[in-house]
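Each chain is listed here by its residues.
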Amino acid sequence: MKNSSASVTMFGAISIVNAIATGKGCTFGISQKVKVKISIEPGHNGISRNFVNDKLVNKIIKSILPASILKNHFISISLISEIPAGWGLKSSSAVSNAISLACFKLLDDEIHDRAVLSTAVNSSLWAKVSMTGAFDDACACYYGGVILTDNHFKKIIKRDMVNNDLAVVIYLPAGVARGEILKLRIHKDLFNHAFRLALKGDYWKAMNLNGVLINSVLYNNYAPMINAFENHCLAISHSGNGPAMAAVVYKDNVENFVNSMEKFDGKIILAKVNNTKAIVE
């Protein structure tokens, strides 16, 4: 074992094209982050944490750390997250990535990105916190910027930077019920079209189409989207499967845009775009 502790900062992400229907997704990084510290010391076998998700955490740890270390050491994990869980803002991907990266750092200072991501994604599938493994989400959290992936083959198709003149306004609606996620597949051809738009670099057209498709199946609530377009956003969509909605706006339009959204019940979160890779210490 190379290190007795490791600290990781992992960032969140927002959907451009949902991968449920086709297996191909597009996401981009945002500034909201998760901080994880893992410490390991000789002593009684055990794991202490200040958050709940035993199944996923244990799977990641046991996939990376040798049984000889786990048997003879006590592991302490602390987590601080700025990403609301259960809203489609990639909190699970950020947490699983962060724990995976920290565990690999404990073993060696040389980090292999693919191993970190594969362990996080496979563990998320095994723990059933994701339907596809969310390789697109994991990559956007890990690398930052825009990521296009084939989730079925765990393949990165394209990477790009996000314009730093842009900001993200996240709307968490109150009392919204979500429809049946698998019904998104009825729009498979249109999700494929959205992905092709993203491949061409038309990210915001792709995101707008994605938003309309998801809304039509899962929410049928277009008022916030119409308001967003009336107040000059570049794109708005449910992130992941929602219910959070994310709007991309120019920085000088943030105040006006937020004011326009105050008529809707819920909470507003402001985010910057993120083009920075995860940080490990």
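Looking up the protein chain in an unreviewed UniProt entry gives the name Shikimate kinase, with the organism given as Candidatus Nitrosocosmicus arcticus. In its Subcellular location (unreviewed entry) section, the UniProt entry covering the protein chain states "Cytoplasm".

Observations regarding helix 9 (residues 254-261)
All of the buried residues along helix 9 are Val254, Phe257, Val258, Ser260 and Met261. The buried residues of helix 9 occupy an angular sector of 160 degrees when the element is viewed end-on, so they sit on one face. Among the structural elements, strand 7 (166-173), helix 8 (223-230), strand 9 (245-250) and strand 10 (266-272) are those in contact with the buried residues of helix 9.

Remarks on the packing of aromatic side chains
Tallying each qualifying case throughout the model produces four aromatic pairs. Ring geometry for Phe28 versus Trp204: centroids 5.7 Å apart, planes at 80 degrees, classification edge-to-face. Here Phe28 is found in strand 2 (residues 24-42), whereas its partner Trp204 is found in helix 7 (residues 203-219), with 176 residues between them in sequence. We classify Phe28 as buried; its relative accessible area is 0%. A ring pair is formed by Tyr171 and Phe264, whose centres lie 6.3 Å apart and whose planes are at 50 degrees; its orientation type is tilted. With a gap of 93 residues between them, Tyr171 in strand 7 and Phe264 in the loop between helix 9 and strand 10 connect regions that are remote in the sequence. Residue Tyr171 is classed as buried on the basis of its relative accessible area, which comes to 6%. Its relative accessible area of 18% is what places Phe264 among the buried residues. What links up through ring pairs into an aromatic cluster is the set Phe28, Tyr203 and Trp204. The ring of Trp126 carries Lys59 above its face, with NZ or CZ at 4.8 Å from the centroid. Taking NZ or CZ as reference, Arg159 lies 4.2 Å from the ring centre of Tyr143, over its face.

Thoughts on the pattern of salt bridges
Under the counting rule described, the total for this entry stands at four salt bridges. Here Asp137 ties to Lys90 by a salt bridge, and the two come within 3.3 Å at their closest N and O atoms. With Asp137 in helix 5 (residues 135-143) and Lys90 in the loop between strand 4 (73-81) and helix 3 (91-107), this pair connects stretches of sequence that are 47 residues apart. On the basis of relative accessible area, Lys90 is assigned to the buried category, the value being 7%. Lys105 is the salt-bridge partner of Asp109, the closest N and O atoms lying 2.9 Å from each other. Taking the relative accessible area as the measure of exposure, Lys105 reaches 13% and is therefore buried.

Structural notes on the UniProt feature "binding site: ATP" (unreviewed entry) in the protein chain
The UniProt record marks Pro84, Ala85, Gly86, Trp87, Gly88, Leu89, Lys90, Ser91, Ser92, Ser93 and Ala94 with the feature "binding site: ATP" (unreviewed entry), using the residue numbering of this structure. For Ser93, the location among the structural elements is in helix 3. In contact with Ser93, not counting residues within four places along its chain, are Ala134, Asp137, Ala138 and Cys141.

Looking at the packing of helix 3 against helix 5
Closest axis-to-axis distance for the helix 3/helix 5 pair is 9 Å, and the angle between their directions is 60 degrees. Considering the angle they form, helix 3 stands oblique to helix 5. Helix-helix and strand crossings are classified by hand; for helix 3 and helix 5 the assignment is right-handed. Here helix 3 contributes Ser93, Ala94, Asn97 and Leu101 to the contact with helix 5, which in turn contributes Asp137, Ala138, Cys141 and Tyr142. Looking at the contact of helix 3 with helix 5 residue by residue, the classes come out as five nonpolar, two polar and one charged.

Cut-offs applied
- Residues numbered from 1 in each chain as written.
- Predicted model: local features only at pLDDT ≥ 70, side-chain atom pairs only at ≥ 80, totals over all residues.
- Heavy atoms only, no water.
- UniProt positions renumbered as here; feature names shortened; annotations may be inferred.
- Buried < 20%, exposed > 50% of the residue type's maximum accessible area, 1.4 Å probe, protein only.
- Helix = DSSP H or I, 4+ residues; strand = E, 2+ residues; numbered from the N terminus.
- Arc of directions from axis to C-beta.
- Contact = heavy atoms within 4.5 Å.
- Phe/Tyr/Trp six-rings, centres within 6.5 Å; stacked < 30°, edge-to-face > 60°.
- Lys NZ or Arg CZ within 6 Å of the ring centre and 35° of its normal.
- Salt bridge = Lys/Arg side-chain N within 4 Å of Asp/Glu carboxyl O.
- Axes fitted to C-alpha atoms, helices over the stretch in contact; angles between N-to-C directions.
- Parallel < 35°, antiparallel > 145°, perpendicular 65-115°, else oblique.
- Left-handed = near helix turned anticlockwise from the far one by under 90°.
- Nonpolar A, V, L, I, M, F, W, Y, C, P; charged D, E, K, R; others polar.

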